[in-house]
Amino acid sequence: MTKFIDSDYVQQLRDITFRSYDAGWDERNGGNVSIRLTEEDLKDFEDVKKTKREFDLGFDAKEVAGQYFLVTGSGRYFRNVTSRPTKDAGLIRISDDGQKAELRWGFEDGARPTSELPTHLMAHIARLKVNPNHRVVMHCHPTNFIALSFTQDLDERHISRLLWKMQAESLVVFPEGIGIIPYMTPGTNEIGEATAKKMSEYKVVMWPHHGIFAVGDNPDETFGLIETVEKAATIYSQIGAQGGQIKQAITDEQLHELADAFGVVGNPKFLD
Ligand code: 2HA
Ligand code: ZN
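Quick caveat, the model's predicted, so the values are computed rather than measured. (Residues numbered from 1 in each chain as written. Chains lettered and ligands numbered in written order. Predicted model: local features only at pLDDT ≥ 70, side-chain atom pairs only at ≥ 80, totals over all residues. Heavy atoms only, no water.)

J.: What is the right way to read the overall build of the protein from this model?
T.: Across its full length, the protein carries 10 helices and nine strands. For the protein, the C-alpha radius of gyration of 19 Å lies close to 19 Å, the compact-globule estimate for 272 residues. With respect to the three principal axes, the spread of C-alpha positions in the protein is 60 × 35 × 35 Å. Here the protein, with 272 residues, has 53% of them falling under the buried criterion. Across the protein, the fraction of contacts at a sequence separation of at least 24, relative to all contacts at a separation of at least 6, is 76%. Accessible surface, the protein: about 12200 Å² in total, of which carbon and sulfur atoms supply 46%. Of note, the protein has its 31 positive side-chain charges centred 4 Å away from the centre of its 41 negative side-chain charges. (Helix = DSSP H or I, 4+ residues; strand = E, 2+ residues; numbered from the N terminus. Rg over C-alpha atoms; globule rule 2.2 N^0.38 Å. Buried < 20%, exposed > 50% of the residue type's maximum accessible area, 1.4 Å probe, protein only. Contact = heavy atoms within 4.5 Å. Areas by Shrake-Rupley, 256 points an atom, 1.4 Å probe, with all protein chains shown as cover. Lys, Arg positive; Asp, Glu negative; His and termini not counted. Charge placed at Lys NZ, Arg CZ, Asp CG, Glu CD.)

J.: Mind showing me how you'd approach the UniProt feature "active site" (unreviewed entry) in the protein here?
T.: In the numbering adopted here, UniProt assigns the feature "active site" (unreviewed entry) to Glu116. For Glu116, the position within the fold is in the loop between β5 (100-106) and α4 (117-130). With residues up to four places along the chain from it excluded, the contact list for Glu116 reads Asn32, Pro186, Gly187, Ile191, Trp207, His210 and Phe213. (UniProt positions renumbered as here; feature names shortened; annotations may be inferred.)

J.: Just to check I follow, could you spell out the coordination of the zinc ion (ligand 2) for this structure?
T.: The reference angle at a metal is 109.5 degrees if four donors form a tetrahedron and 90 or 180 degrees if six donors form an octahedron. Distances from the zinc ion (ligand 2) to its protein donors, namely His139 (NE2), His141 (NE2) and His210 (NE2), fall within the range 2.0 to 2.1 Å. When the donor residues of the zinc ion (ligand 2) are listed from N- to C-terminus, their spacing reads H-x1-H-x68-H. Placement of His141 in the loop between β6 (136-140) and α5 (143-151) and of His210 in the loop between β8 (204-207) and β9 (211-216) is noted, with a sequence separation of 69 residues between them. (Donors = N, O, S within 2.8 Å, 3.2 Å for Na, K, Ca; no water.)

J.: Help me out: how do you make sense of the packing of aromatic side chains in this one?
T.: Here a ring pair, both rings aromatic, is described through the centre-centre distance and the interplanar angle of the planes. Inspection of every chain in the model, using the stated rule, returns eight aromatic pairs. A ring pair is formed by Phe18 and Tyr21, whose centres lie 5.7 Å apart and whose planes are at 55 degrees; its orientation type is tilted. One end of the pair is Phe18 and the other is Tyr21, both in helix α1 (residues 8-22) and three residues apart, which spans about a single turn. On the basis of relative accessibility, which here comes to 29%, the residue Tyr21 falls in the partly exposed class. Their ring planes at 55 degrees and their centres at 6.2 Å tell us that Trp164 and Phe270 sit as a pair that is tilted. One end of the pair, Trp164, is in helix α6 (residues 156-164); the other, Phe270, is in the segment after α10 (252-262), and 106 residues separate them in sequence. Among the aromatic residues, those joined into a cluster by ring pairs are Phe4, Tyr9, Phe45 and Trp105. (Phe/Tyr/Trp six-rings, centres within 6.5 Å; stacked < 30°, edge-to-face > 60°.)

J.: Looking at this structure, I do not really get the site of ligand 1. What am I missing?
T.: As a matter of local geometry, ligand 1 sits amid Asn29, Gly30, Gly31, Asn32, Glu116, His139, His141 and His210. His141 has a polar side-chain atom sitting 3.0 Å from an oxygen atom of ligand 1. The fraction of the free accessible surface of ligand 1 (220 Å²) that becomes covered by protein chains is 87%. Residues belonging to the shell around ligand 1 are distributed by class as follows: no nonpolar, seven polar and one charged. (Near = heavy atom within 4 Å. Polar contact = N/O pair within 3.5 Å; in protein donor to acceptor, adjacent residues only side chain to side chain. Nonpolar A, V, L, I, M, F, W, Y, C, P; charged D, E, K, R; others polar.)

J.: Would you take a moment to explain the UniProt feature "domain: Class II aldolase/adducin N-terminal" (unreviewed entry) in the protein for this structure?
T.: Per the UniProt annotation, the sites labelled "domain: Class II aldolase/adducin N-terminal" (unreviewed entry) are residues 11-237. End C-alpha atoms of residues 11-237 are separated by 33 Å, and the span's content is 38% helix alongside 20% strand.

J.: Looking at this structure, I do not really get the nonpolar core. What am I missing?
T.: As a rule of thumb, soluble globular proteins bury nonpolar side chains together. With 50 residues, the main nonpolar core has Phe4, Leu70 and Leu163 as its most contacted residues. The leading source of residues in this core is helix α9 (residues 219-241), at six residues. Setting aside its immediate chain neighbours within four residues, Phe4 contacts Tyr9, Val10, Leu37, Leu42, Phe45, Asp47, Val48, Leu70, Leu91 and Trp105. Judged by nonpolar contacts, the second largest core, of 29 residues, contains Phe55, Phe69, Ile125 and Met199. (Core = buried A, V, L, I, M, F, W, Y, C linked by side-chain atoms within 4.5 Å.)

J.: How do you make sense of the pairing of strand β4 (residues 89-94) when you look at a structure like this?
T.: Each regular strand shows side chains that alternate between the opposite faces of the sheet. Along β4, six of the six residues are buried, which leaves the element largely enclosed by surrounding structure. Burial along β4 is two-sided: Ala89, Leu91 and Arg93 facing one way and Gly90, Ile92 and Ile94 facing the other are all buried. Both strand β3 (residues 68-72) and β4 contribute to a ladder of five bridges, which runs antiparallel. Residue Leu70 lies in a different strand from β4, and its bridge partner there is Leu91. With five bridges joining them, β4 and β5 adopt antiparallel strand pairing. Bridge pairing in β5 places Arg93 opposite Glu102. Adjacent in sequence and paired antiparallel, β4 and β5 are bridged by five residues, among which Gly98 carries a positive phi angle near 75 degrees. (Pairing = 2+ DSSP bridges.)

Here is the structure:
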């Protein structure tokens, strides 16, 4: 019998939660991840077939009914997922009526899915319409990116251009730029709806004074996207530490050349 604990999915979740913690982006219980899986992905695992507990979702998730999500637990620490995956992570199936999450594996000591489950599921629903290959949604608290939300105008064009111009990699990795929602209370359906709306256009959404939400095909790519955004924000912080005076910078013409060279389309709203 193939056990779900031995799957690549659990291994990938252990890996990115620990890496994100180790990068300093998940103090205490900060951060949450979800990986969308299908019945087909799970057909070989005998130990995910039975519902062990149910959770009310508090919103209608019919658009992902019958799909599975490997998620981190509410109040659980990213630091611990790698050593306690069966307690701090769980596999849920969205019920056929879209109202409940059925626990199929994990959360063995009574844990529940992350408090940000509404945002995760709403973001998956939004991304499925844009790019059905996007299976991973990740939230964490990258320090320099959060700092930008205090010192900069919360303007998508401004923040996107600032990060694009900090390194040549940025435009290639997030050519759509950065979506920004207003500051809102975490864990609510409202912040989920606002984030999901942005996710129909952006792979990265800033939660001002809180953190980042990012999506991607797989855990590696999603984590790499967050690393790239945070690296650009860190360069900006270091420029400040070096006195803040910019003597030369990447021009818009060079951004256009980059986009052409790497076959990406920079968001025309933000590129001059
Ligand atoms: O999971 O980061 O936004 C804890 C959080 C809430
Ligand atoms: Zn958070």
